[in-house]
Amino acid sequence: MRRRDFLRHAAAAGIGCLATSGVRSHGGSGDTPPGFPVIISTWPFGREANLEALSVLKSGGSALDAVERGVMTAEADESISTVGYGGFPNRDGTVQLDAAIFDGSTLDGGAVCALTGHRHPVQVARKVMENSPHLILVGEGASSFAIAEGFTHQETLSEAARAAYQKWRQKHPDGQGKAEGHDTLGQVVLAASGKIAAACTSSGMAWKLPGRVGDSPIVGHGLYADDAVGGCVATGVGEEISKVCGSFLVIELMRQGASPDQAIGETLDRIARRPGQIPSISAAFVAVARDGRHGAGAIGSDFHYAITRGTETQVVKVKPRNRKG
Ligand code: ASP
């Protein structure tokens, strides 16, 4: 579909009518005139992911190919301690990776949880989607499936991650310290064709209990996409994002007419308002609507995201909405 037709189609579908729920926008991102494709990723390292996704689209790849290749950039980057190779391990010293991929055209997806021995969990997740009858594989089953699909076993604990773990164990000889972390790579791609795909990849929280799974590989929590509405991905404390089915909630609010910023704001408020919630809890979402508007929001701590429109890419800082001043 040509861009002009695509926009007309979006307008005819009523996209762009804003709900007046009183939810606050983080500052104008939704006003940017749309250019296509639109690619949005969490965190500054999302910039590399966007550039890679863009080049995949330019060479004729699909939205799904673009998100897969896009998030693989961080999985391969040893300097990123929250994703793939370089990711910090659990409290036993084992790197357990979570990833998912979701196709907004078919509402089909694949995911792996607590995967060991493979640096590119998103590739295994895509194989789960395409070559298995299942949505999610975990632990040893996921690793065996990866081997059966032709992936070779790899070292996933980098030297820097091993050193960080040893330091942590010296401070916590009983292995009982708090899990830490905040930097999943999530990406949404809206191709010029109108097709939307999303992916998330994460080593979860550093020093987590073995077997812990966050929101990132769970469809509807860490990611969701529907070509009829848009796509959304999350980062932050997975336990809290999951309790409100975060990404699904953002998309459903958008389906009802909220802008991406409004939908994200309402979802973050629900997380922040949970009875007994600790005030400093960190969570963030980025989303793209099918007409190309995007949104982002955070609670707890500063957040950055990377946005690509057409050929322009920039990294944007977002102030947490619950911080005064
Ligand atoms: N959402 C991830 C998890 O809970 C971590 C993060 O993005 O900070 O596993």
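Before any of the text, the structure's been laid out above.
Every chain begins its residue count from 1, and numbering advances along the sequence as written. It should be noted that, the model being predicted, local features are given only for residues of pLDDT at least 70 and side-chain atom pairs only at 80 or more, the latter also being counted only at that level, while totals for whole chains, interfaces and linings use all residues. The basis for the side-chain values is all heavy atoms of the structure; hydrogens and waters are excluded.

**Student:** Give a description of unusual backbone geometry that names residues and reports values.
**Tutor:** Here Phe36 and Pro37 are connected by a cis peptide whose omega angle stands at 0°. With respect to the helices and strands, Pro37 occurs in the loop between helix H1 (3–12) and strand S1 (38–42). One non-glycine residue, Ala114, lies in positive phi territory at about 50°. We count a stretch as a helix when DSSP gives it H or I for four or more residues in a row; a strand needs E for two or more, and each element gets its number in order from the N terminus. Counting through the fold element by element, Ala114 comes out in strand S3 (residues 108–115). In the Ramachandran plot, Trp207 falls in the positive-phi region, its phi being about 65° despite a non-glycine side chain. By secondary structure assignment, the location of Trp207 is in the loop between strand S6 (196–202) and strand S7 (223–226). We call a residue buried when its accessible area falls under 20% of the maximum for its residue type, exposed when it is over 50%, and partly exposed in between, using a 1.4 Å probe and counting protein chains only. Residue class for Trp207 comes out buried when judged on its relative accessible area of 3%.

**Student:** Help me get a handle on the side chain of Ser282, residues and values and all.
**Tutor:** As for its position among the elements, Ser282 is in the loop between helix H9 (260–273) and strand S9 (283–289). Apart from the residues lying within four places of it in its own chain, the contact partners of Ser282 are His182, Gly236, Val237, Ile299, Gly300 and Ser301. In what follows, residue pairs with any heavy atoms lying within 4.5 Å of each other are defined as contacts.

**Student:** Quick rundown of helix H4 (residues 121–131)? Include the residues and the values.
**Tutor:** Burial runs high along H4: eight of the 11 residues are buried. Where H4 is concerned, the buried positions are Pro121, Val122, Gln123, Val124, Ala125, Arg126, Val128 and Met129. Its buried side turned inward, H4 meets helix H3 (63–76), strand S2 (97–103), S3, strand S4 (136–138), helix H5 (139–148) and S6.

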